[in-house]
Each structure stands twice: as C-alpha cells, then as structure tokens.
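Notes for the structure review
Here's the letter readout for the chains.
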Amino acid sequence: MTTVVAVPDLATRTLQLVDVPSESRFESALVDLVRRLVPGAPLFDDGEVLLYGEGPIVLAGHLDTIPAQSNIPGRIEDGNVHGLGASDMKAGIAVMVELARAGADGRYLFFTREEVPVSESPLPALFESGLLAGTELAVVLEPTDCILHAGCLGNIQARVGFDGESAHSARPWTGVNAIHELVRGLEELVRLEPLDVELDGLTYREVVSAVRVEGGIAANVVPAEASVELNYRYAPGRSREEAEARLRSLVPHGDLQILSNSPAAPPALTNPLAARLLELVPEVAPKQAWTPVAQFAEQGIDAINYGPGETAYAHKADEQVPIANLERCYATLRTFLGSV
C-alpha cells in the first residue's frame with residue numbers, strides 16, 4: 001500500500017509570515033505566530049529564540065527583516081510570493097515550519113535580530129544553555145537559490161577619523177583641512193583591488209569599501225574634523241584580530257574605531273552530513289556575504305547555508321521568491337532529514 005504524503009501549501013505559509021511585520025528589534029508578533037504554528041513545546045524560549053526538536057541536525061533561520069519599502073502586505077503572483085522578507089528569509093522560515101509540522105526529525109531554531117550588528121544577536125544565550133550539544137551540522141536557510149553556499153565572509157564595520165584645524169575658507173592655509181586629510185588617508189584603500197582567497201576549492205573575495213563620509217560645518221569653514229565609515233568583508237581563514245590588523249594597515253594615518261566585527265566561517269564541506277547534503281544538492285558556491293553560520297562555527301558546530309530565497313531579490317523593494325524554490329527546498333530537506 002502506497003503512503004500518500006501531504007504536500008504543504010508553502011506559498012500561502014510564506015505569505016502569512018510576510019504579512020506579519022518583523023523588522024529587527026520588533027519581531028514579537030512573528031515569534032508568537034511561530035509558537036502557534038510549530039507543534040509541541042519549545043525546548044528553549046526566551047522571547048527571542050525558539051528551539052524545538054532533537055537530533056544531530058539543526059535547521060536555523062532568522063525571523064527579522066530590514067525596514068519595509070512599501071512592500072507589505074505581500075501577494076502571490078506569477079508563480080512567486082512577493083513582499084518584505086519573502087526571500088530573506090521568510091521563505092526559509094516557511095520551509096522550517098512546514099517540516100516541523102510534518103514531523104521531520106531535526107532541531108528547529110528560530111531567532112531574532114540577525115539583520116543588525118552581531119553584538120545584538122540573541123543566540124549566545126542559547127549557546128550557553130548547552131541545548132545544542134550533540135549537533136553535528138547546522139543548516140541555515142538563508143537565501144541561496146536552492147544551491148549550497150559554503151562558509152561565509154567576515155564583516156567589519158569601522159569608522160576612521162581625521163583631525164585638522166578650522167579656518168576661514170578664504171584663507172585655508174591658516175588651518176588644516178580634515179577632509180583633505182581624509183582624502184589623502186584613503187589613497188591606499190582606493191587603489192586596493194579585490195583579494196581572491198581560495199579555500200577548499202572555493203574562491204572568496206575580500207573587499208573594502210568606504211560606505212559613508214561625514215565632515216564640515218559650513219560652506220565658508222575649513223573643517224577641523226572628518227570621518228569615513230568602512231566596510232571590510234574578509235575571507236575564511238582570517239581571525240577577527242588578523243582582519244582588524246589588516247584594515248588598520250590600509251588606513252595608517254587615521255584614528256580607526258572598530259564598530260562591529262562578525263567573524264568568517266570555513267566551508268565545512270568535509271563534514272559527513274554536509275557531504276550527504278551535497279549528494280542531494282551538488283552545486284556549491286562560496287558565500288560572498290556574512291551569515292549566522294559563523295556563529296555556529298565559533299561554537300565548534302559545522303554549518304552550511306541552504307535555502308529557497310533568491311539572492312538577487314534579498315533586501316530589494318520588489319523582494320520575491322519562486323514557489324518552485326519553496327517546494328524544491330522543502331523536498332530536499334525532508335529527504336535529507338529522513339536519511340540521517
């Protein structure tokens with residue numbers, strides 16, 4: 001007798017999640033919805049992190065989104081679910097919820113505040129609880145277009161200040177222009193080319209970008225202060241300390257302040273369970289971004305990115321996810337969890 005397995009309505013579930021606002025730091029309504037949807041009592045629930053289930057595999061996903069861009073409520077149209085967070089990453093959350101409701105063996109981890117600096121992450125409280133002991137692989141359902149994204153880049157946000165001396169702009173030689181000092185101080189960084197770093201057959205690109213500049217108080221005043229914010233994406237293999245040292249070497253004449261430093265994570269493709277997932281999803285790319293796989297890696301837990309969201313639509317005003325991706329990801333992970 002053939003057993004018929006019900007296919008969940010992943011599109012409707014994703015739209016339901018999209019229509020619950022959950023901008024970072026304001027996710028409580030979505031946390032409540034997940035509590036209602038996932039069967040059973042959570043093993044951990046501090047209002048920011050929910051953990052369900054057991055087994056060697058953790059499926060993990062964040063509940064928060066960036067601020068809305070006139071893209072909520074969402075809609076289902078032309079084979080896609082549209083709306084805030086559809087790709088990053090309520091599509092992945094929908095897959096997790098439906099796998100849990102179907103009774104697929106695994107641990108299910110939902111958490112808040114991922115789209116903000118890692119210093120605000122609620123995950124350390126869970127790590128300290130010891131409830132993830134025995135985890136052999138974490139699968140983070142970030143947007144990956146239904147292929148594997150291995151590892152992730154580290155992410156430093158920094159501010160570099162340059163001092164001068166104010167003066168009348170008609171007599172600039174009587175002062176020191178801090179903006180001019182800033183321009184000269186960024187000369188080496190402006191000439192810097194992306195640095196390709198190969199690890200386990202994957203090529204990660206290290207890049208440094210100036211992302212914000214501030215300085216000046218009036219059109220007729222030579223400014224005494226100026227600053228620039230830098231974003232440095234560094235490859236796996238560099239520690240946090242090594243990455244900070246490299247960034248300081250690129251701006252030796254400024255006063256550099258590290259605002260946040262989220263670590264990189266190795267590919268973890270030699271993990272036996274990751275290798276089993278690789279049999280189901282043979283296409284692999286390096287994760288040219290930061291994701292929470294790094295937080296698992298710091299705890300000694302191998303982790304990999306695999307989710308239904310489209311990377312090209314993450315954080316865009318017309319954010320969307322193909323329904324076909326939802327169904328493919330669900331089927332793949334159900335098979336994977338059932339094989340362990």
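As a starting point, this report considers the structure included with it. Quantities reported herein were computed from a predicted structural model and do not represent experimental measurements.

Each value, and the rule that gives it
Residues numbered from 1 in each chain as written. Predicted model: local features only at pLDDT ≥ 70, side-chain atom pairs only at ≥ 80, totals over all residues. Heavy atoms only, no water. Helix = DSSP H or I, 4+ residues; strand = E, 2+ residues; numbered from the N terminus. Buried < 20%, exposed > 50% of the residue type's maximum accessible area, 1.4 Å probe, protein only. Contact = heavy atoms within 4.5 Å. Areas by Shrake-Rupley, 256 points an atom, 1.4 Å probe, with all protein chains shown as cover. Lys, Arg positive; Asp, Glu negative; His and termini not counted. Charge placed at Lys NZ, Arg CZ, Asp CG, Glu CD. Phe/Tyr/Trp six-rings, centres within 6.5 Å; stacked < 30°, edge-to-face > 60°. Pairing = 2+ DSSP bridges. Polar contact = N/O pair within 3.5 Å; in protein donor to acceptor, adjacent residues only side chain to side chain.

Some points on the overall build of the protein chain
Along the protein chain, the regular secondary structure elements total ten helices and 18 strands. The dimensions of the protein chain, computed from C-alpha atoms along their principal axes, are 90 × 40 × 40 Å. Residues classed as buried in the protein chain amount to 51% of the 340 residues present. The contacts in the protein chain between residues at least 6 apart in sequence include a share of 79% that link residues at least 24 apart. For the protein chain, the accessible area works out to roughly 15300 Å², and carbon and sulfur atoms hold 50% of it. The centroid of the 25 positive side-chain charges in the protein chain is displaced by 2 Å from the centroid of its 47 negative side-chain charges.

Points about the packing of aromatic side chains
Counted according to the given criterion, the structure contains three aromatic pairs. Ring geometry for Tyr52 and Phe110: centres 6.3 Å apart, planes at 80°, overall edge-to-face. Residue Tyr52 is found in strand S2 (residues 49-53), and its partner Phe110 is found in strand S6 (residues 107-111); the two are separated by 58 residues along the sequence. With a centroid separation of 5.8 Å and an interplanar angle of 75°, the aromatic rings of Phe127 and Phe296 are classed as edge-to-face. Placement of the pair is Phe127 in helix H4 (residues 123-129) and Phe296 in helix H9 (residues 293-298), with a sequence separation of 169 residues. An identical accessibility class is assigned to Phe127 and Phe296; each is buried.

Here's the deal with the pairing of S6
Among the five residues in S6, five count as buried, and that is most of the element. Side chains Arg107, Leu109 and Phe111 of S6 all project onto a buried face; the interleaved residues Tyr108 and Phe110 project onto the opposite face, where all are buried too. Sheet topology places S2 next to S6; five bridges connect them, and they run antiparallel. Across the sheet, residue Leu51 finds its bridge partner in S6, namely Leu109. Note: strand S3 (residues 57-62) against S6, five bridges, orientation parallel. Residue pairing across strands places His62 opposite Phe111, the latter belonging to S6.

So, unusual backbone geometry
In this chain, Ile72 is followed by Pro73 through a cis amide linkage whose omega measures 5°. Tracing the backbone through its elements, the reader meets Pro73 in the loop between S3 and strand S4 (75-77). Going from Asp88 to Met89, the amide bond is cis rather than trans, its omega being -5°. Residue placement: Met89 occurs in helix H3 (residues 86-101).

Topic: the side chain of Gln320
Inspection of the secondary structure assignment puts Gln320 in strand S18 (residues 320-322). In this structure Gln320 comes out as buried when scored by relative accessible area, which is 11%. Polar side-chain contacts of Gln320 include one of 3.1 Å to the backbone oxygen of Asp318. Not counting residues within four places of it along the chain, the set of residues in contact with Gln320 comprises Asn80, Val81, His82, Ala86, Ser87, Glu310 and Tyr313.

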